[in-house]
Protein chains: 2
Amino acid sequence: MENIIKYSFLLDIYGNLLTKKQLDIMKYYFEDNLSLSEIAKNENTSRQAVFDMIKRGEKILNKYEDNLSLFSIHLENKKIIDKIFENLEKIETDENIITIEEIKKLIKILGR
Amino acid sequence: MENIIKYSFLLDIYGNLLTKKQLDIMKYYFEDNLSLSEIAKNENTSRQAVFDMIKRGEKILNKYEDNLSLFSIHLENKKIIDKIFENLEKIETDENIITIEEIKKLIKILGR
């Protein structure tokens, strides 16, 4: 399950760097949760060929993550945003609430 | 000049995805501002070979930027951070200044 979340995210950021075919098969597997056999049938190929393509795709995605760390930065940023929101709530008053809401909106854009 | 800033930044984020030799030569050119002839002399190769390597490197960096947009996101984020800081200054009081400073510190980490 952890793997599925990880690779869904990696596909989301680095997916464009894969070939169209690689991306499709990885999405069937990690996003649509199709089985290897189901993908093989749809793609008119063998279960082993699908398995190999997913393993090769994982390797490529991990290479990008090792070099660019966008997934781990995203996870860190989520924690930092939580801390900022806690701090904003501490200083919120009837007078500044509109500005605080505006700040929260901008921070959510930063954390996207 | 604009190009130099752009490629210095692209090298900073995507540089690990180049070969060691490519990265070295691009850094000599875009960060240390050595001329093609100077780099050729140091690397014991021709001016043309250095030129070709830089052009190929630019192409690779642009391919990553086209797919991942980290440079343009960075530029957008800088504007958003400026807006957040303006808003924080609007609501700063003697009572909340310590928390506001803490928030600013966290936001700078988000924008790194």
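To start, this report covers the structure provided alongside it. (Residues numbered from 1 in each chain as written. Chains lettered and ligands numbered in written order. Predicted model: local features only at pLDDT ≥ 70, side-chain atom pairs only at ≥ 80, totals over all residues. Heavy atoms only, no water.)

**As for the overall build of chain A**
Logical step 1: Helix and strand counts for chain A stand at 6 helices and 0 strands.
Logical step 2: Taking the principal axes of the C-alpha coordinates as reference, chain A spans close to 65 × 25 × 25 Å.
Logical step 3: Relative to all contacts within chain A whose residues are 6 or more apart in sequence, the contacts with residues 24 or more apart total 51%.
Logical step 4: Accessible area of chain A: about 6,900 Å², with a carbon and sulfur share of 50%.
Logical step 5: Here chain A contributes 18 positive and 20 negative side-chain charges, whose respective centroids are spaced 7 Å apart. (Helix = DSSP H or I, 4+ residues; strand = E, 2+ residues; numbered from the N terminus. Contact = heavy atoms within 4.5 Å. Areas by Shrake-Rupley, 256 points an atom, 1.4 Å probe, with all protein chains shown as cover. Lys, Arg positive; Asp, Glu negative; His and termini not counted. Charge placed at Lys NZ, Arg CZ, Asp CG, Glu CD.)

**Considering the packing of helix α1 (residues 2-14) of chain B against helix α2 (residues 20-30) of chain B**
Residue and element names in this part refer to chain B.
Logical step 1: As a packed pair, α1 and α2 sit with axes 10 Å apart at the nearest point and diverge in direction by 145 degrees. The two elements α1 and α2 cross, and the hand of that crossing is left-handed. The segment α1 lies against α2, with Asn3, Ile4, Tyr7, Ser8 and Leu11 engaging Leu23, Met26, Lys27 and Phe30.
Logical step 2: Class assignment of the residues belonging to the contact of α1 with α2 gives a composition of 6 nonpolar, 2 polar and 1 charged. (Axes fitted to C-alpha atoms, helices over the stretch in contact; angles between N-to-C directions. Left-handed = near helix turned anticlockwise from the far one by under 90°. Nonpolar A, V, L, I, M, F, W, Y, C, P; charged D, E, K, R; others polar.)

**Regarding the interface of chain A and chain B**
Logical step 1: Residue-level contacts link 29 residues of chain A with 29 residues of chain B.
Logical step 2: A per-residue breakdown of the area chain A buries against chain B is headed by Ile91(A), Leu106(A) and Leu110(A), which together make up 23% of the total.
Logical step 3: Applying the counting criterion to the chain A and chain B interface returns 0 salt bridges.
Logical step 4: Counting every contact that joins chain A to chain B gives 0 residue pairs in polar contact (both at pLDDT 80 or more).
Logical step 5: Elements that contribute at least two residues to the side of chain A that touches chain B include exactly α1 (2-14), α4 (47-68), α5 (70-91) and α6 (97-110) of chain A.
Logical step 6: In terms of residue count, α5(A) provides more of the side of chain A that touches chain B than any other element does, 11 residues in total.
Logical step 7: Grouping the amino acids of the side of chain A that touches chain B by side-chain chemistry returns 18 nonpolar, 6 polar and 5 charged. (Buried area = accessible area lost by both parts, 1.4 Å probe. Salt bridge = Lys/Arg side-chain N within 4 Å of Asp/Glu carboxyl O. Polar contact = N/O pair within 3.5 Å; in protein donor to acceptor, adjacent residues only side chain to side chain.)

**Considerations on α4(A)**
Logical step 1: End to end, α4(A) covers 32 Å across 22 residues, agreeing with the expected 32 Å (1.5 Å per residue, within 8%).
Logical step 2: Every buried residue of α4(A) is listed here: Val50(A), Met53(A), Ile54(A), Gly57(A), Glu58(A), Leu61(A), Tyr64(A), Glu65(A) and Leu68(A). Taken down its axis, α4(A) places every buried residue within 140 degrees of arc, on the same side. Across from the buried face of α4(A), at angles greater than 90 degrees, the exposed residues are Lys59(A) and Asp66(A).
Logical step 3: Buried residues in α4(A) make contact with α1, α2 (20-30), α3 (36-43) and α5 of chain A together with α1 and α4 (47-68) of chain B.
Logical step 4: One or two positions beyond α4(A), positive phi appears at Ser69(A), with a value near 55 degrees. (Expected span 1.5 Å × (residues − 1). Buried < 20%, exposed > 50% of the residue type's maximum accessible area, 1.4 Å probe, protein only. Arc of directions from axis to C-beta.)

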